[in-house]
Amino acid sequence: MLSSLPLVMEVSPQLPAKTVAEFIAYAKSNPGKITMASGGTGSASHVGGELFKLMTGIDMLHVPYRGGSPALTDLIGGQVQVMFSPLPESIGAIKAGHVRALAVATVARSEALPEVPTVADSVPGFDASTWQGIGAPRNTPAEIVERLNKEINAVLADPKIKERLAELGSVPTPMSPADFANLIAAETEKWGKVIRAANIVVK
């Protein structure tokens, strides 16, 4: 495990909602009129948005793009209304005021956006993030895996690395190989349920 990247719920500045609660109320009073951008079908931003739909019961039309950048561009331009974007992807646009961050999607607030509340403040239990890690072939000797893990964790403890990752909205998350394997299993089960419930099919 290298780092976790919170998703951030952000809206077009043209949308009147200033909070998650206001967004939910607006969406419920305008069923079928909210468009939700993502970096592509099955992407983190897509399944994060689908989890939000499932937990709030609101209706949003998914608009997949070929990557996060074009989706963010259209969000800024008001062609779509909301996006659940990995924070490093959109932190520049948020700080520049091009989009409005309603909430971060992790249980705890982000150090990169400490003034922004969490989605869980309005939707208890909501937690959506993505992560980065390093894998090795299945039959790699245990001693090599342990050595790699030790060296990677040492790098993640470097103050300069931690500072740079924090600037990007990414959180260093060192783990043991066993803990990382458990995380992958838990994430597979969690998001598999969302994918099945939302009937997401990648063509």
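Below you will find a few notes about this structure. Everything numeric here is computed off the predicted structure, so don't read it as measured data.

### Things to note about helix α5 (residues 142-156)
Here is step 1 of the chain: For α5, built from 15 residues, the straight-helix expectation of 21 Å at 1.5 Å per residue is met to within 8% by its first-to-last C-alpha distance of 21 Å.
Here is step 2 of the chain: Summarising the contacts, the buried residues of α5 are in contact with α6 (159-167), β7 (171-172) and α7 (177-197).

### Some remarks on the packing of aromatic side chains
Here is step 1 of the chain: Evaluation of the coordinates by the stated rule reveals five aromatic pairs.
Here is step 2 of the chain: For the pair F52 and F126, a centre-to-centre distance of 5.9 Å together with 85 degrees between the ring planes defines the contact as edge-to-face. With F52 in helix α2 (residues 44-56) and F126 in the loop between β5 (100-104) and β6 (129-132), this pair connects stretches of sequence that are 74 residues apart.
Here is step 3 of the chain: With a relative accessible area of 0%, F52 lands in the buried category.
Here is step 4 of the chain: In this structure F126 comes out as buried when scored by relative accessible area, which is 0%.
Here is step 5 of the chain: Consider the rings of F84 and F126, whose centres lie 6.4 Å apart with planes at 45 degrees: the pair is tilted. Of this pair, F84 sits in strand β4 (residues 82-86) while F126 sits in the loop between β5 and β6, and the two are 42 residues apart along the sequence.
Here is step 6 of the chain: In this structure F84 comes out as buried when scored by relative accessible area, which is 0%.
Here is step 7 of the chain: One aromatic cluster is present, formed by F23, F52, F84 and F126 through successive ring pairs.

### What to know about the side chain of K53
Here is step 1 of the chain: Structurally, K53 can be placed in helix α2.
Here is step 2 of the chain: Residue K53 is classed as buried on the basis of its relative accessible area of 17%.
Here is step 3 of the chain: What K53 contacts, discounting residues up to four positions off in sequence, is I58 and M60.

### Remarks on the nonpolar core
Here is step 1 of the chain: Core analysis: the largest hydrophobic core is formed by 28 residues, its most contacted members being M9, F23, F52, M60, V82, F84 and F126.
Here is step 2 of the chain: Among the elements of the structure, β1 (3-11), α1 (20-29), α2, β4, β5 and α7 are those that each provide at least two residues to this core.
Here is step 3 of the chain: Ranked by the residues each element gives to this core, the list is headed by α1, at four residues.
Here is step 4 of the chain: In contact with F126, not counting residues within four places along its chain, are G48, L51, F52, M55, F84, A105, V119 and A120.
Here is step 5 of the chain: Of all hydrophobic cores here, the second largest spans 18 residues; its members include I91, I94, V104 and A112.

Basis of the calculations
- Residues numbered from 1 in each chain as written.
- Predicted model: local features only at pLDDT ≥ 70, side-chain atom pairs only at ≥ 80, totals over all residues.
- Heavy atoms only, no water.
- Helix = DSSP H or I, 4+ residues; strand = E, 2+ residues; numbered from the N terminus.
- Expected span 1.5 Å × (residues − 1).
- Contact = heavy atoms within 4.5 Å.
- Phe/Tyr/Trp six-rings, centres within 6.5 Å; stacked < 30°, edge-to-face > 60°.
- Buried < 20%, exposed > 50% of the residue type's maximum accessible area, 1.4 Å probe, protein only.
- Core = buried A, V, L, I, M, F, W, Y, C linked by side-chain atoms within 4.5 Å.

Interpretation in functional terms is not warranted from these geometric data alone.
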